[in-house]
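Residue-level listing of the chains:
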Amino acid sequence: MKLLLRMLLAALTLGSLSARSQNLEYPFSGFYGQVEVGGPFVGAEFHGSRPLPCKLSFYSPITNCIDLSTGYWERSESRPFVVGIRTDEGERRWLGKEPWTSVISPHRVVFLQESGGFSYSMTYEFSGTEPLMVYRLALRNSGRLRRRIELYTHIRLALRTSHTYARVDSAFVSGDSRSVTASFRGRETGGVAITAQNCGAPPSAWTADGRGLSVSDSGGSRWISSSSVFDSVSGAGTGLNPGPVAAFLYRTMVDPGDSLVVIQLISSVGEKERENLLPRLPLVWKHGVAAYDSSVRHAAFRAATTRTGLPDVDGSAAYARGILATNAHYIDGDIVPMPCPAEYNFFFTHDLLLTDLGAVRFDLERVRHDLLYLLKRSRDSVLVHAYYWKDSSYATELCTPDNWNHAWFVIVSASYLRHSLDTLLGAKLYPLLTKSIHELLRQKRDDDLVHAFRPDWWDIGRWEGPRSYMTILMVRALQDYIVASVLLKRNLQALPAYEALAQRMQDALVRTLWDDQSGYLLNYNGSEKDSHYYMGSLLAVVFDLLNADQSKRLVRTVERELLDPRIGVRTVAPTDFNTDSLRARFQFVGNEAGDPYTYINGGVWPHANAWFSIALQRVGRDSESVAFLRTVMTVEGVARSPMGIPAMYEYRFADPASSSYGSIDKPSFMWAGGMYLFALYDLFGVKEESWNISIGGSPHTPFDSTEFTFAFRGLHTFRSRKACDGAGGFTASHKDIPSVVLPLDLGKGETWDIRKGSIGRPYLQELNAVLHSVNFNSVNHRLTMTVESFPGHLTVALVHSPGASSRVLLDGRVITDVRSAPSPDGGRLTEIKFAGSDRVQSLEIIY
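Residues numbered from 1 in each chain as written. Predicted model: local features only at pLDDT ≥ 70, side-chain atom pairs only at ≥ 80, totals over all residues. Heavy atoms only, no water.

A. The arrangement of the overall build of the protein in detail. Across its full length, the protein carries 17 helices and 55 strands. Within the protein, the fraction of its 847 residues that count as buried is 61%. For the protein, contacts bridging at least 24 residues in sequence account for 69% of all contacts bridging at least 6. Of note, the protein has its 88 positive side-chain charges centred 3 Å away from the centre of its 88 negative side-chain charges. (Helix = DSSP H or I, 4+ residues; strand = E, 2+ residues; numbered from the N terminus. Buried < 20%, exposed > 50% of the residue type's maximum accessible area, 1.4 Å probe, protein only. Contact = heavy atoms within 4.5 Å. Lys, Arg positive; Asp, Glu negative; His and termini not counted. Charge placed at Lys NZ, Arg CZ, Asp CG, Glu CD.)

Below, the structure is given as C-alpha cells:
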C-alpha cells in the first residue's frame, strides 16, 4: 500500500504534458523509443526517435511490407528510407539517422530538428480513402543569406510477403522525373505496384538504379561520397530490376525565410487499379488526408466524451478513442480492427474482443460491426481465431476448444446485448455463442475446472493442467450466456443446469486453486502445483468470484509479487520461463517466451494494468486505483516513467537492473486504448454484472464530478457529482430513477444525472435478473419493479431504504423470504428472494 500511496503523490504532479493533448498532439524530446502511426491502408514504424521509418506496412490490395531487417528484434536496423543534404559548397551529410524531437498523434507524426541555419520537419500522414502515405520533408532557411541546397532521398523498394515474410527484391520498374513505380508480379505479393510520386518540389533528377548507387539495407548510398554518381545513373533502372529504389535529387536556391518542401506519395496499388488510380492520387490525396484526420478527431472528441477535470485522464481517454479509430486496416474488402498501425498484418479475434470490452460502453456501432465480422469469418458455428493473407490466398484459422477467444466472445457479445438490446444481431450470434460454450466445456474435467495446455492467457506452451484464468473465464462466460439466452428467449430449459455448473466451477476454483499460504489463485501442470504468480488470476476479483477477504488478499499478493509501481503489473513471477527445464516441460519453441522481464516472461502488458486498477476499485481502494491509472496507464504517466514515451503500448521491458528498463514495444496498441477506457469507466462507477449494468452504486467516488458518454439503448450523457446538500439520487431527463441498476425502459438519448450522497427514498441496489422497469410512488410509498429470468432460477433483489418495509408482494402475493439489516449509512438493506420465471414478474415493496 505504501507503494501505491507514493504513486498517488506522483499522480498529483501529472498534467503539464496535457497542454496539447486536447489536440491529440504529444511533444516528445527524449531521443529514444518507437513511434507507430498509420491509416486503413498504410502504416509506418520508427525506432530510436529517428524521423525515417524502419518499416512500411501495406494492407491493400493484400498485405506486404517494406522491412530490410533480419529479424523481429533487429527491426530497428532496417533503413529503407534515406535522406541526405548538401548546403552551398559544403560536404554531403545524412539527415535523420540521428534522433529528432517529435509531435506524436495516433494517426500522424511530425519530427523536428534545427541545425546549420535550417529548420527541418518530416511529417507522415495517411489517407482514409486511398491506399497511400504522405511523406512531407520541409527545410526552412532560418538564416539571413540565400542558400544553395542539394537534397537527396531514396526508398528501397523491396517487399516482404505476408505470413512467410519472404523477401522479394526484383520488380519491373517504370519511372520519370515525377514518380517511380516498382511492380511485383508474383502471386505471393498480390501483383502490387509500389509507387513514390512527387507532389511538392519537382526533382532535378531521378533514378531507380539501386545497384548503381550501391544502396544498402543499412541506409548506405554512393551519393554521400560522389558528386557525379547520381548524374551517371539518372533515369536508369527501368525494366526488370533486381534491386529497385525510388531515388530523387532536388537542387534549388532557398531565400531567407523560405522553404523547400518535398512531398512524396507512397502507395500500394493492385495491377487492375494501377492505370486508373495512380494518375488520380496527386489530385485527391489532400482530401483523403483531411477526411482521415477529421474522422480520427471526431472519434476522439465528438463521437464520445469524458470529463473528470483531470487533463491527463481526459486527454488520455481522447487519445485512446483516437487509437481505436486509427488501428483498423483493410483486409479482403473490409476495414477491420487490427492491433497496431504497422506491426501486425493479420486479423486476430482476441485483439478485437479485448478492445471492445471498453468500446461497448460508448460505441455500439463499432461493436456491432466487429461482431458481424466475426460472424462472417467463422465457419460451421466455430469462432474464427485469425484471418490473413498466406502467400497466395486468404487463410482462416478457427478456435480450438482450449482457446480463450470462446469465452471472451461470449462475454463481449453479452455485454453488447446488455447495452444495445439488439436482439436481431443477438439471434444471429446465438448459434456461435452456443458452440463456443460447448467447445469450452470440452476442456472441463471431472474436477469442474478448465484444463488447458497454455499457462494463463498465453498463446504458447503445451503442458496441460487446471487453469485459474480459463476457469474464471468459463464461469463468467456461462453466466453471460445464461443472460443472453434470457434476453433472446432461447434454450431456457438448459439454463438451470448451466447455472448450477457455473456455481460448481466457481466453488471448485476456490476450493482447488486458491492457495491460502500465498493468498492467490494458482495453477497445476498435470498434478504438479505451479508456483508461478500469473496476472490472469486478477480476473477473479474483477468478476467478483472471490469473497471479500480473498479479493483483498489477492490484490495484496499482486502488490508483493507482480507490481512494479513505476511501470505496472508484470505478467508473471518468477520470470524463469527461459530456463532449459521449463522450456522443455512447456515445450516452448526455442526462447519464444522471452528472457526474464521480456514480453510474456514478466513484461508489463496493458490488460494486467487495467485489471489491477479495477481490482483496487473492487476492494474499496478507489483513490489508489485512480493514482495507479494516472501513473502507469495515461499517456502522460507513461511518458514520465523510465524510458517512457507518449504511448498506449503492447508491452514494456520490466527488468529494473537494465539500462533498457521500461522500454516500450508497439507504442500505439489498440487494446491498450480499449483497456484504458474499460478501467476508466469502472472508476466512473460503471459495473457490468452478468444480469445488469449498474452505475454509481458505490457511495465513494474518486472524482468530484464526471461527465461521460454512455451507451445504453442509444447514447446518453451521464453526469455524476457529489451532492453538496447531502441528498443524492439518479435522474434520467429529470425523472427520478429509484435504482442504480439500469432498467430497460430508460429512454434513448437522455441526459442522466447522479448525485452522490444520502438518498431519502428506497432504491434498488442489486438484482440478479433482467430489470425491465422500476418506479417509486411517494404517495403510497411503494417501490415497484418488473423483472425477468427463467424457471429454476433463484432471483435475489437487494434494496436500500431509509427504513424497514412493511410488506413485499410478488405478482400481488405476499412473499416471506425477506431479510433486513442496518446499512453502514444508517438506512436499511433488504434482501428479497423468490423463484424466477420466464415471464415478466412484478415485485412491490411497501413502506
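So that's the structure; there's more coming.
B. Focus on empty space enclosed by the protein. Applying the stated criterion to the full structure yields 7 cavities of 30 Å³ or more. In this structure, the largest cavity occupies an estimated 80 Å³ of space. In this structure, the largest cavity is lined by Pro606, Asn609, Val632, Met633, Val638, Ala647, Met648, Tyr649, Ala672, Met675 and Tyr676. Here the lining of the largest cavity gets 3 residues from one element, more than from any other, and that element is helix α17 (residues 670–683). By residue class, the composition of the lining of the largest cavity is 10 nonpolar, 1 polar and no charged. The volume enclosed by the second largest cavity comes to roughly 70 Å³. Lining the second largest cavity, in full, are Arg418, Leu421, Leu487, Trp691, Asn692, Ile693, Phe712, Leu742, Leu744 and Val770. In the lining of the second largest cavity, the residues fall into 8 nonpolar, 1 polar and 1 charged. (1 Å grid on protein atoms, 1.4 Å probe; cavity = no way out; pocket = protein on both sides within 12 Å on 5 of 7 lines; lining within 4 Å. Points joined across faces, edges and corners; volume = space filled by probe spheres on them. Nonpolar A, V, L, I, M, F, W, Y, C, P; charged D, E, K, R; others polar.)

C. Looking closely at the side chain of His716. Mapping His716 onto the fold places it in strand β43 (residues 715–727). Residue His716 is classed as buried on the basis of its relative accessible area, which comes to 2%. A distance of 3.5 Å separates polar atoms of two side chains, one belonging to His716 and the other to Trp752. Residues within four places of His716 in sequence aside, it is in contact with Phe708, Thr709, Phe710, Gly747, Lys748, Gly749, Glu750 and Trp752. (Polar contact = N/O pair within 3.5 Å; in protein donor to acceptor, adjacent residues only side chain to side chain.)

D. Quick look at the sheet that holds strand β13 (residues 159–161). With antiparallel pairing, the 6 strands of this open sheet are ordered in space as β2-β3-β4-β5-β13-β14. Edge positions in the open sheet fall to β2 (35–38) and β14 (167–168), since each of these has one partner strand only. With 4 bridges joining them, β2 and strand β3 (residues 42–46) adopt antiparallel strand pairing. Note that in β3 the partner of Val37 across the bridge is Ala44. (Pairing = 2+ DSSP bridges.)

E. Up close: the packing of aromatic side chains. On inspection of all chains with the given rule, the structure shows 54 aromatic pairs. Plain terms: the ring middles of Trp408 and Trp611 are 6.1 Å apart, the flat faces sit at 20 degrees to each other, and that makes the pair stacked. Residue Trp408 is found in helix α7 (residues 405–420), and its partner Trp611 is found in helix α14 (residues 606–618); the two are separated by 203 residues along the sequence. With a centroid separation of 5.0 Å and an interplanar angle of 70 degrees, the aromatic rings of Trp463 and Phe586 are classed as edge-to-face. Of the two residues, Trp463 is situated in the loop between β28 (451–452) and β29 (465–466) and Phe586 in the loop between α13 (580–585) and α14; the sequence distance between them amounts to 123 residues. Residue Trp463 shares its accessibility class with Phe586, and that shared class is buried. In this structure an aromatic cluster arises from ring pairing among Phe362, Tyr681, Phe684, Phe703, Phe708, Phe710, Phe712, Phe718, Phe730 and Trp752. For Arg185, the ring lying beneath its charged end belongs to Phe172, and the centroid distance is 4.0 Å. Positioned above the aromatic ring of Tyr649 is the side chain of Arg652, whose terminal nitrogen or guanidinium carbon lies 5.7 Å from the ring centre. (Phe/Tyr/Trp six-rings, centres within 6.5 Å; stacked < 30°, edge-to-face > 60°. Lys NZ or Arg CZ within 6 Å of the ring centre and 35° of its normal.)

F. Focus on the nonpolar core. Membership of the largest hydrophobic core comes to 239 residues, with the highest contact counts inside it found for Trp408 and Trp611. Looking at which element gives the most residues to this core, the answer is helix α9 (residues 468–488), with 15 residues. Those residues in contact with Trp408, other than ones at most four positions away along the chain, are His350, Leu353, Leu354, Leu357, Tyr469, Leu473, Leu539, Phe543 and Trp611. In this structure, Val82, Val215, Val233 and Ala247 belong to the second largest nonpolar core, which totals 13 residues. (Core = buried A, V, L, I, M, F, W, Y, C linked by side-chain atoms within 4.5 Å.)

G. Looking closely at helix α4 (residues 311–326). An ideal rise of 1.5 Å per residue puts 22 Å on 16 residues; α4 measures up with 22 Å between its terminal C-alpha atoms. In terms of burial, α4 is largely enclosed, as 14 of its 16 residues are buried. (Expected span 1.5 Å × (residues − 1).)

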